[in-house]
Amino acid sequence: MDLPESPGPSSIRELSHCYRALLGGICPKLSGGEVARLLFSGVCGQVLERDTQEGAETAWELIAFSLTLLRKICCGLSAQSLDGAVRGPWRDILSLLTRFGPQVLHFQSEDQVISHLAAKSASVCVLYLISTSGTVNPVWQKQCVQTFSSSRPGPELDACLWSLTEVVKKLLKQSHQVLLAEVVAAFDCSLTALCSKLLPEERTEVDFSGSWRTTFCLLLDLLEVLTASGFVCGAGLSLRSQRIPAVQSAALLMTVSCCSDYFVKKRILLLLKRVLLQKLGEDWSLEGVALYVREHKDLRADRCVLAQCVLQAVAADWLQSLQVERAVFFGGREKEGLKPDGSMLRAVSLVLLKSVELHLQTAAADSYLQSLWSWLRRLDVSQTEVSHSCSWISLLFGEQDDDLMEAASASLRCSGWDGYSVLEAACASGCNPHCHFVLLLQSLSFDHSILLDFLISSETCFLEYFVRYLKYLREDWQGFAAACSHRNVKRLADAHGSEPGGSVPPLEGSSSGIGFRLVEYDSSDESSEETSDGHKQSQTTVALMTDRSSKLKTKPSLSVIQSEKVCPTAAAVLEEETCNVLDRAVFCLSELRQVVTRLQTKQLFPYNPSSLLKLLTQVENCYQSKIFLT
């Protein structure tokens, strides 16, 4: 196709008619060859320096309009939104243009709007060609490979990174494993060379001013989708570009330490967090396909390499080099009393917790956790003195349910404590699973309906954590009771905004309200009666709790003690706190078991909860047997 003449207003008018025809689902009045020539002229026409401002604006408008129309044609054909008789002419127009790939000419445009429109248009056309012929556009591929291999940060590299990210992302959502593997393999060598060039190999101050910041953030987006492609493609394809977060983990961590741009630091840590948690693509998987694919041994090895690198960095005082800015609000950052950036703190903490879980045995975990708690104290995260290290998990992740469950699950895997004799050591490390669970229940006001919401929801890993913890609790009831009676258990509740020193209302029976319930499942019309065995067990549990509660009525409550400034014996206060926390925790689990049983009976529960119900019953049995002994 010959190079076009300089663009003019007439071309824009003719393309406008074509655009209206496309939106109306009809054929263009011009022939396919004429429309293709107009589009080619609009896309490839150079933006010449005009003597008048009007001429330059006309040229810019024609290029932008042509790129947009070309993208719309590809989208219409890909979405099957055009009737069969109408598709033919538009398909012919596209076939005349796609083999030339004219959009790549504007990848290097200094005009950011034109460059981005060209990248969007090229990506859609590449995806259309892949879906129809199974081949990658050679012009687009050559341009991207050359740019990755030789270009410095700038508009051209940004456009290529964005375009490839968009193509791989769409193929991931469509689960085209074979085509995805071919596309990733075509860029493997050039992307590996690009990462080696952009990531520092030694500790030097990295300045991400100007175009470097945009380029590096686009590279991180691409690394995320490439790593996610390793899950989809499986063990049959293991390319270096799919493993860069692990292979170049030392360079990424060094960039976090040396980079002067806070936003880039945060983006790197969020990427590492998603890699370790296997939650790649969580920001863009809502449109259809989430990446829940079984991890093969190569990916497991990569995560272990990343975890080892994180631990080595922490041992070398990497945490001390991290600066966390204050949280942002609509007025800026100058407001006094603002806490540090929560998302940054959660990212750093989860990266370290997950690394400890993946790579270390329990005995070696304590030093790394102590480093994390010391770093958090230095940043004054809680703005109050934290005397109980187990409270850090809830303080950090209390506002983010998914991260909270991941952190609790990781700490549970790291724990090896058993029984009251080592309670102090477990709490000193901040890794006592019983304290974490009791604190979770306290933050929920012991409301079983919220636990039920967690069990039904797929947004967190609560089910996995809950089942693992109940097994742990079944084997270590003494440790659970000791955690409930720990002298700092009230301080943990206070850290979450509970009323300081507030007394817990006694348990009078199953109808007693414990906390604020979001849903009254007990009065639901869909509920049915429990089985006789389950009902008898619930009655036994409640009767034991009521009896224990009535014994405490003769003793001064904690609120009365504080208000009247009475100095009771430590044993009396400890016994009251133990009864309140332990009884409320077990009663919450008992109510949860009853509700799940009723929903299962009515076939309203989304999965088979038989194993979960068995564990909950065993917990109640432990409670009843211990209370009978006392």
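Residues numbered from 1 in each chain as written. Predicted model: local features only at pLDDT ≥ 70, side-chain atom pairs only at ≥ 80, totals over all residues. Heavy atoms only, no water.

1. A closer look at the overall build of the chain
1) Next: Each helix and strand counted, the chain has 28 helices and 0 strands in total.
2) Next: Long-range pairs, those at least 24 residues apart, make up 77% of the contacts in the chain with a sequence separation of at least 6.
3) Next: Put simply, the chain shows about 28,800 Å² of open surface, and 51% of that area lies on carbon and sulfur atoms. (Helix = DSSP H or I, 4+ residues; strand = E, 2+ residues; numbered from the N terminus. Contact = heavy atoms within 4.5 Å. Areas by Shrake-Rupley, 256 points an atom, 1.4 Å probe, with all protein chains shown as cover.)

2. A few points about the side chain of Asn 432
1) Next: With respect to the helices, strands and loops of the structure, Asn 432 is situated in the loop between α19 (423–429) and α20 (433–443).
2) Next: Side-chain polar atoms of Asn 432 contact the backbone nitrogen of His 434, separated by 3.0 Å. (Polar contact = N/O pair within 3.5 Å; in protein donor to acceptor, adjacent residues only side chain to side chain.)

3. Focus: the pattern of salt bridges
1) Next: For the structure on display, the rule yields 16 salt bridges.
2) Next: The salt bridge involving Lys 279 is made with Glu 406; its shortest N-O contact spans 3.5 Å. Of this pair, Lys 279 sits in the loop between α13 (262–277) and α14 (297–315) while Glu 406 is found in helix α18 (residues 401–414), placing the two residues 127 residues apart along the sequence.
3) Next: Given the relative accessible area of 9%, Glu 406 is considered buried.
4) Next: Within the structure, one salt-bridge network assembled from shared partners comprises Lys 279, Lys 354, Glu 357, Glu 406, Arg 413, Glu 464 and Arg 468. (Salt bridge = Lys/Arg side-chain N within 4 Å of Asp/Glu carboxyl O. Buried < 20%, exposed > 50% of the residue type's maximum accessible area, 1.4 Å probe, protein only.)

4. A few points about the packing of aromatic side chains
1) Next: Counting across every chain of the model gives 14 aromatic pairs.
2) Next: Considering the side-chain rings of Phe 454 and Phe 462, the 5.3 Å spacing of their centres and the 45 degrees angle between planes classify their relative orientation as tilted. Of the two residues, Phe 454 and Phe 462, neither departs from the other in class, the shared state being buried.
3) Next: Taken together through their ring pairs, the aromatic side chains of Phe 437, Phe 454, Phe 462, Tyr 465, Phe 466, Tyr 469 and Tyr 472 make up a single cluster. (Phe/Tyr/Trp six-rings, centres within 6.5 Å; stacked < 30°, edge-to-face > 60°.)

5. Comments concerning the packing of helix α8 (residues 177–186) against helix α10 (residues 211–233)
1) Next: Their axes nearest at 10 Å, the elements α8 and α10 cross at an angle of 140 degrees. When the interaxial angle is binned, α8 and α10 end up oblique. For the pair α8 and α10, the crossing hand works out as left-handed. Residue-level contacts link Gln 177, Leu 180, Ala 181 and Val 184 of α8 to Leu 226, Ser 229, Val 232 and Cys 233 of α10.
2) Next: Here the contact of α8 with α10 is built from residues that sort into 6 nonpolar, 2 polar and no charged. (Axes fitted to C-alpha atoms, helices over the stretch in contact; angles between N-to-C directions. Parallel < 35°, antiparallel > 145°, perpendicular 65-115°, else oblique. Left-handed = near helix turned anticlockwise from the far one by under 90°. Nonpolar A, V, L, I, M, F, W, Y, C, P; charged D, E, K, R; others polar.)

6. Quick look at the side chain of Lys 273
1) Next: Of note, Lys 273 is situated in helix α13.
2) Next: Side-chain polar atoms of Lys 273 contact the side chain of Asp 403, separated by 2.9 Å.
3) Next: Here Lys 273 is in contact with Ala 347, Leu 350, Val 351 and Asp 403, once residues within four sequence places are set aside.

7. Quick look at unusual backbone geometry
1) Next: The backbone phi angle of Ser 445 is positive, close to 55 degrees, even though this residue is not glycine.
2) Next: Along the chain, Ser 445 falls in the loop between α20 and α21 (448–456).
3) Next: With relative accessibility at 34%, the residue Ser 445 sits in the partly exposed group.
4) Next: Phi is positive for Phe 446, close to 55 degrees, though the residue is something other than glycine.
5) Next: Looking at where Phe 446 falls in the secondary structure, it is placed in the loop between α20 and α21.
6) Next: What makes Phe 446 buried here is its relative accessible area of 5%.

8. Let's talk about the packing of helix α6 (residues 138–150) against helix α7 (residues 155–174)
1) Next: Running from N to C, α6 and α7 cross one another at 125 degrees; their axes reach a closest spacing of 10 Å. Taken together, the axis directions place α6 and α7 in an arrangement best described as oblique. By crossing handedness, the relation of α6 to α7 is classed as left-handed. Of the residues in α7, those touching α6 at Trp 140, Gln 143, Cys 144, Thr 147 and Phe 148 are Glu 156, Leu 157, Cys 160, Leu 161, Ser 163, Leu 164 and Val 167.
2) Next: Taken together, the residues that form the contact of α6 with α7 break down as 8 nonpolar, 3 polar and 1 charged.

9. Things to note about the nonpolar core
1) Next: Counting residues in each nonpolar core, the largest one holds 155 residues, and the members touching the most others are Trp 140, Phe 148, Trp 375, Phe 466, Trp 477 and Phe 480.
2) Next: The element contributing the most residues to this core is α10, with 13 residues.
3) Next: Residues within four places of Trp 375 in sequence aside, it is in contact with Leu 319, Leu 322, Val 324, Leu 345 and Val 348. (Core = buried A, V, L, I, M, F, W, Y, C linked by side-chain atoms within 4.5 Å.)

10. So, α13
An α-helix turns once per 3.6 residues; consequently, residues spaced three or four apart project the same way.
1) Next: With 16 residues, α13 ought to run about 22 Å at 1.5 Å a step, and its terminal C-alpha atoms sit 23 Å apart, in line with that.
2) Next: With respect to burial, α13 is a largely interior element, 14 of its 16 residues being buried.
3) Next: You can read the cap of α13 off the contacts: a side-chain oxygen lies 3.0 Å from the backbone nitrogen of Phe 263, and it is on Asp 261.
4) Next: Looking one or two residues beyond α13, the residue adopting positive phi is Gln 278, at roughly 55 degrees. (Expected span 1.5 Å × (residues − 1).)

11. Here we look at the UniProt feature "domain: Protein Lines C-terminal" (unreviewed entry) in the chain
1) Next: As annotated by UniProt and renumbered to match this structure, "domain: Protein Lines C-terminal" (unreviewed entry) occupies residues 586–621.
2) Next: Helix makes up 78% of residues 586–621 and strand 0%, whereas the separation of the span's terminal C-alpha atoms amounts to 10 Å. (UniProt positions renumbered as here; feature names shortened; annotations may be inferred.)

12. Digging into the environment of Ala 85
1) Next: Residue position: Ala 85 is located in helix α4 (residues 84–98).
2) Next: Since its relative accessible area comes to 70%, Ala 85 is described here as exposed.
3) Next: As for Ala 85 and Cys 27, which are separated by 58 residues in sequence, their C-alpha atoms are 8.7 Å apart.

13. Regarding the environment of Arg 584
1) Next: Mapped onto the elements of the fold, Arg 584 is located in helix α27 (residues 570–601).
2) Next: Judged by its relative accessible area of 13%, Arg 584 is buried.
3) Next: Sequence separation between Arg 584 and Asp 447 is 137 residues; the distance between their C-alpha atoms is 9.6 Å.

14. What to know about the environment of Ile 93
1) Next: One can find Ile 93 in helix α4.
2) Next: With relative accessibility at 0%, the residue Ile 93 sits in the buried group.
3) Next: Here the alpha-carbon distance between Ile 93 and Arg 37, two residues 56 residues apart in the chain, equals 9.1 Å.

15. A short note on the confidence of the model for the chain
1) Next: In this model, the chain carries an average pLDDT of 78, and 73% of its residues clear a pLDDT of 70 or more.
2) Next: Put simply, helix α26 (residues 558–564) is where the chain has its lowest mean pLDDT, 32, and α21 is where it has its highest, 95.
3) Next: Low pLDDT (under 50) marks residues 286–293, which in the prediction has 13 contacts with non-local residues, meaning those over four places away or in another chain.
4) Next: Every residue in residues 493–530 scores below 50 in pLDDT, and together they form 78 contacts with partners more than four places removed in sequence or on other chains. (pLDDT = per-residue confidence, 0-100.)

16. Focus: α20
1) Next: Of all 11 residues that make up α20, 10 are buried, and the element is covered over most of its length.
2) Next: The complete set of buried residues in α20 reads Pro 433, His 434, Cys 435, His 436, Phe 437, Val 438, Leu 439, Leu 440, Leu 441 and Gln 442.
3) Next: If you check the start of α20, you find a side-chain oxygen 3.0 Å away from the backbone N of His 434, and it comes from Asn 432.
4) Next: Directly after α20, the chain includes Ser 445, whose backbone phi takes a positive value near 55 degrees.

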